[in-house]
Amino acid sequence: MVESRRYRIPPILSAVVTGLVVMLAGSYPWSLLVVFNIKCGAFFPWASVVVAGYLAVYLAYLNGWGPPCSTAATRRRRLRARALPRQVWRWALVAGGTANAALADAFIVVSRFGWINHSREPYPVAPPWTIAAWLLTGAAVAGIAEESAFRGYMQKMLEERYCAPIAIAITSAVFGAAHLTHGFSVAVLFDAAWGSVYGALAYYTGSILPPLVLHASLDALEFFLVWRFAGAPAPPLVRLDNRAWFAIGAGAALAMLACWSFRRLAQLHGAES
C-alpha cells in the first residue's frame, strides 16, 4: 500500500499570506467607507466613527477575543500587544523616534534629487474638521492594521521558525513591496527601512505597541503636513548645497543616537530574557 503524502505550506508563505490577510481585514473597510462618505456628503465624517468601532472589534479578535476558543491563545501570542514597563516604553520611543527622524531627513534629501514620485491624489472638498478626522483615522488604520499584520502576525510567525534578523528582513521586504501600490520609486526602499525599524522595536520590546504608536504618529504628521503645506515641490538639486549638507549632518547625528538607543533597548531585552 502506498502511503499518502502530506503536503505542508512553507512557513514563509504561511506567514506572509496570514499577514497580508490581517492587513487587508484591517485596512480595506476604511478604504470603502471613506469613499462612500465622500460620495454621500462630506460634512460629517461618519466613516471615522464606524471604523473606530470596527478597529476595536478587529484588535480584540486578533488578541484572542471571540470564537473559536481553540485559536484564542495563538491569536494573542501572534499579535503580541502586551503592556510594557515604563522604562522599556521610554527607550522604545527614543530609539524609534530618532530612527524615524533620521529616515525622514534622508527621505527629504533624496527627494530633492527627483528620485521619488511626489504625485498625490487631491484631497476632496470637505470642511476642515472632516478632513482632519479622515486624516487621523487613516493614520490610525495604517498603524493598527499594518503593525498587527506585519510586526505582529507575520513577523512573530517567522520568529518562531527562523532567527529574528531573518524574520525582520522578510517582513520588511514584504512591507516595502506592499507599498508598491503608491508607485515604483526609491520610496519603496524607505518603506522597507521603516519596516526594519518597527520590526526591531517589536522584537526587542516583545510588543507591537511602540511601533504602532510611532507608525500612526508619523503617518498623521505626514498627512497633515501634506494637507496644510504641500505645494510645488522644491527645485531639484544639481549639487549638494549648504542646506542639504546640514540635513545630512543632522540625519547622521540622529542615526547615531538611534543606534545607541537601540543598543540600550537590546540590553533591556537581554536582561528581561
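The structure displayed is predicted, hence computed values, not measured ones. (Residues numbered from 1 in each chain as written. Predicted model: local features only at pLDDT ≥ 70, side-chain atom pairs only at ≥ 80, totals over all residues. Heavy atoms only, no water.)

Draft legend 1. Broad picture of the packing of aromatic side chains. Counted according to the given criterion, the structure contains 9 aromatic pairs. With a centroid separation of 5.2 Å and an interplanar angle of 70°, the aromatic rings of Trp91 and Trp260 are classed as edge-to-face. Placement of the pair is Trp91 in helix α4 (residues 86-111) and Trp260 in helix α9 (residues 242-272), with a sequence separation of 169 residues. Taking the relative accessible area as the measure of exposure, Trp91 reaches 15% and is therefore buried. Taken together, the aromatic side chains of Phe107, Phe190 and Trp194 make up a single cluster linked through ring pairs. A cation over a ring is seen here: Arg151 above Phe175, with NZ or CZ 4.3 Å from the ring centre. Over the face of the ring belonging to Tyr162 we find Arg161, whose NZ or CZ atom lies 5.4 Å from the ring centre. (Phe/Tyr/Trp six-rings, centres within 6.5 Å; stacked < 30°, edge-to-face > 60°. Helix = DSSP H or I, 4+ residues; strand = E, 2+ residues; numbered from the N terminus. Buried < 20%, exposed > 50% of the residue type's maximum accessible area, 1.4 Å probe, protein only. Lys NZ or Arg CZ within 6 Å of the ring centre and 35° of its normal.)

Draft legend 2. Region of interest: a nonpolar patch on the surface. Together, Ile9, Leu13, Val17 and Val21 make up a nonpolar patch on the protein surface, roughly 370 Å² of accessible area in all. Positionally, Val21 belongs in helix α1 (residues 11-39). (Patch = residues over 30% accessible without salt bridge, like charges linked within 9 Å, V, L, I, M, F, W, Y side chains within 5 Å. Areas by Shrake-Rupley, 256 points an atom, 1.4 Å probe, with all protein chains shown as cover. Salt bridge = Lys/Arg side-chain N within 4 Å of Asp/Glu carboxyl O.)

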